[in-house]
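Structure at a glance
Residue-level listing of the chains:
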There are 2 protein chains.
Amino acid sequence: MTGVVPATAADTTGAVPGGPPVPAVLAVDIGGTKLAAALVEPDGRLRGRAIRPTPAGDTETIFAALAAVVGEAMGGETVTAAGIGCAGPLDAVAGTVSPVNIPSWRGFPVRDRLAALLGGPPVTLANDAVAGAVAEYRHGAGRGSRAMLGMVVSTGVGGGLVLDGRVYDGPTGNAGHIGHTVVDLGGEPCPCGSRGCVETLTSGPAMVRWALGNGWTHPAPDGAALAADARAGDPVALAAFERACRGLAAGIASAAALCDLDRVVIGGGVSRSWDVLEPPLVRALRDYAGLAFVRRVTVVPSELGAEAGLLGAAALAHDPELV
Amino acid sequence: MTGVVPATAADTTGAVPGGPPVPAVLAVDIGGTKLAAALVEPDGRLRGRAIRPTPAGDTETIFAALAAVVGEAMGGETVTAAGIGCAGPLDAVAGTVSPVNIPSWRGFPVRDRLAALLGGPPVTLANDAVAGAVAEYRHGAGRGSRAMLGMVVSTGVGGGLVLDGRVYDGPTGNAGHIGHTVVDLGGEPCPCGSRGCVETLTSGPAMVRWALGNGWTHPAPDGAALAADARAGDPVALAAFERACRGLAAGIASAAALCDLDRVVIGGGVSRSWDVLEPPLVRALRDYAGLAFVRRVTVVPSELGAEAGLLGAAALAHDPELV
């Protein structure tokens, strides 16, 4: 695996010294909040990074926004391959996606639509959290793990598994969906159709919704504002993080019990408030991680931040056999 | 993989036609309720099957009972290899076990103790539910699955994963512990140190305890009696199954979301009341399996029954590379 980290001497083995330049790949990151794209060089440099909010609207409104982001990133160049990381769930065999937080995309054939837009290069499709997990395992906070869950805690809560040094994404490409594991039998209904899922407690919108419902007020209420108020000692904001962390810890402990994890890497918008997130998360893990092998799991923030999804999508475009 | 199913023409490829007899292996199955051992021929026949209740008592009391079961199964023969399936958790690297439901065994070196008892042959150690999952995947209700969880619902609730045709038991050998996934954040404390684990709702003793606490009476209250009364329409017994199945379904849906499962095979004492278990389990799965890829999971009873653990332990003794 080469070409997915910032260039260093050790990271350029994919280049052919003295030969023709190896073309960049296009990496695309599709989430409920933002659409991002970039060209990724074999040495891991990102070029032409473009980003815009995911619009509301029908199927084609969203694809038009994606096409615009892709066009901006491409800047008139061509690529020999592209990789998509997309919010789940998806059907990796059919190349279609049905992101919980993009309601108008249900069975949307994003892989073939992007291939057509680009003029036909091979396009690899993976869950966005799987792409992020690949990047963290190879080059970030997951290095050296033997059983890792990479999580994205943002508009939704997603995840990807790297077990025994290989991506495990399952028969349909959907393994790692920790956001839709049930931690509260009698909990709130979830848009996925279940109830009490981690995502109903721990996503940014879920935290904001709960805080607003419990007396928190803010002129521009969002996850960052909630974190700022928690940092300033607002009791409702603190309680919102406490509640979210109990859901998160129960989900992490469950995943560790099921997959014998040694590491969980948390990225996504909510993880950028790690100073506010970590103390209640550590406390809650003490409550829910019981067995010794579960207690050994270490939970750490992403090292690659917002670029993990793009770097992972590029890694998968370079080497589809990873999954 | 040979020698783990009842003899048929297709199952005897491990035998050497006309050559010296291939020695049997010793298979041992250690659970919170019973200790079992048998010699398993390469063609899968069990000989000398011995079984007795797991005694209460200190470390050596329990090992003495195990030694007695093993001695009865061996009948004076020798073996070239042995396989142990033991209730979890365990440390597969160190060869030690700490079964939740055998309180006096904590870090007990069962692998080396059995090897010493037998005079030194190689001994393979796996979680009992992992052993059962191997047997069901190879020869039972898990055949053809691409992502399977084999469960044991009995004194405890255990599990083993077979993903992409290989046992996945994780870095410490403990993957598959679905009984200690958290499905009820605010639920009862669990002996494992967490709370709201599937095992607090769905094990045989948990079901009986809940029923007794809610007005069920029986001269010999156990899981079989509870199932019989549910079958006869007793409302508290039916409610006990309903509650247990909600916990079980939430755990199964969570495991399916995380591991993209296509099949769950349920064995163990509770599963022998499949007629009583299935209707509320199917109803609860409708509530907790939301996403399409989660809803596709099929949940079926064990085909191999009580022999799965021994057959799987024998399979692992024949081929330790499986895990």
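Coordinates for the structure precede this section.
In short, a report on the structure. Position labels on residues start from 1 in each chain and follow its written sequence. Starting at A for chains and at 1 for ligands, labels are handed out in the order in which the entities are written. Selection of residues for local features in this predicted model requires a pLDDT of at least 70, selection of side-chain atom pairs for listing and counting requires 80 or more, and totals for whole chains, interfaces and linings are taken over all residues. Side-chain figures throughout are based on the complete set of non-hydrogen atoms in the structure, without hydrogens or water.

Some words on the nonpolar core
If you look at the biggest cluster of nonpolar residues, it comprises 119 residues, and the most contacted ones within it are Met151, Leu261 and Ile266 of chain A together with Met151, Leu261, Ile266 and Leu281 of chain B. Looking at this core element by element, the count peaks at 16 residues for helix α7 (residues 235-259) of chain A. Discounting residues that sit within four places of it in the chain, isoleucine 266 of chain A has contacts with Met151, Val153, Leu248, Ile252, Ser271, Trp274, Leu281, Val299, Val300, Pro301 and Ser302 of chain A. Nonpolar cores were defined as sets of buried Ala, Val, Leu, Ile, Met, Phe, Trp, Tyr and Cys residues, with membership established by side-chain atoms within 4.5 Å. Categorising residues by exposure relies on relative accessible area from a 1.4 Å probe, with only protein chains included: less than 20% of the type maximum marks a residue as buried, more than 50% marks it as exposed, and the intermediate range marks it as partly exposed. Here a strand is any run of E in DSSP of at least two residues, a helix any run of H or I of at least four, and the numbering for each starts at the N terminus. Only heavy atoms matter for contacts: two residues are in contact if any of them lie within 4.5 Å across the pair.

Points about the pairing of strand β1 (residues 25-30) of chain A
Residue and element names in this part refer to chain A. With six of six residues buried, β1 is to be regarded as a mostly interior element. On β1, burial covers both faces: Val25, Ala27 and Asp29 on one face and Leu26, Val28 and Ile30 on the other are all buried. Strand pairing is assigned whenever DSSP detects at least two bridges linking the two strands. The pairing of β1 with strand β2 (residues 34-40) spans six bridges and is antiparallel. Bridge pairing links valine 28 to alanine 37 in β2.

So, the layout of surface pockets
Any space left empty among the atoms is revealed by the rolling of a water-sized probe across them. Residue and element names in this part refer to chain B. Considering only enclosed or pocket space, the second largest pocket measures out at about 910 Å³ in volume. Counting only elements with at least two residues in the lining of the second largest pocket, the list comes to β1 (25-30), α3 (128-139), β8 (147-153), β9 (157-163), α5 (204-213), α6 (223-231), β11 (263-267) and α10 (308-318). Among the elements that line the lining of the second largest pocket, the one with the most residues is α3, at five residues. For this scheme, ten residues count as nonpolar: Ala, Val, Leu, Ile, Met, Phe, Trp, Tyr, Cys and Pro. Four count as charged, namely Asp, Glu, Lys and Arg, and the remainder, Gly too, count as polar. Looking at side-chain class alone, the lining of the second largest pocket contains 19 nonpolar, 23 polar and seven charged residues. When residues of the lining of the second largest pocket are sorted by domain, at least three fall in each of domain 1 (9-128 + 307-322) and domain 2 (141-302). A pocket here means an open set of points on a 1 Å grid, computed over the protein atoms alone, that has protein on both sides within 12 Å along at least five of seven lines. A cavity is instead a set of points where a 1.4 Å probe fits but cannot get out; residues with an atom within 4 Å of a point line either one. Grid points are joined across faces, edges and corners, and a volume is the space filled by probe spheres set on the points. The source of the domain bounds is an automatic or database domain assignment.

Some details on the interface of chain A and chain B
The partner chain B presents 46 residues to the 46 residues of chain A that form the contact. Summed over both partners, the accessible area lost on bringing two parts together, with a 1.4 Å probe, is the buried area. For the pair chain A and chain B, the summed buried area comes to about 3700 Å², and 65% of that belongs to carbon and sulfur atoms. Criterion for a salt bridge: a side-chain nitrogen of Lys or Arg within 4 Å of a carboxyl oxygen of Asp or Glu. At the boundary of chain A and chain B, one finds zero salt bridges. We define a polar contact as two N or O atoms separated by no more than 3.5 Å, with the added condition that, inside protein, one atom must be a possible hydrogen donor and the other a possible acceptor, whereas residues neighbouring each other in sequence contribute only through side-chain atom pairs. At the junction of chain A with chain B, the criterion picks out 23 residue pairs in polar contact (both at pLDDT 80 or more). Broken down by class, the residue content of the side of chain A that touches chain B amounts to 22 nonpolar, 13 polar and 11 charged.

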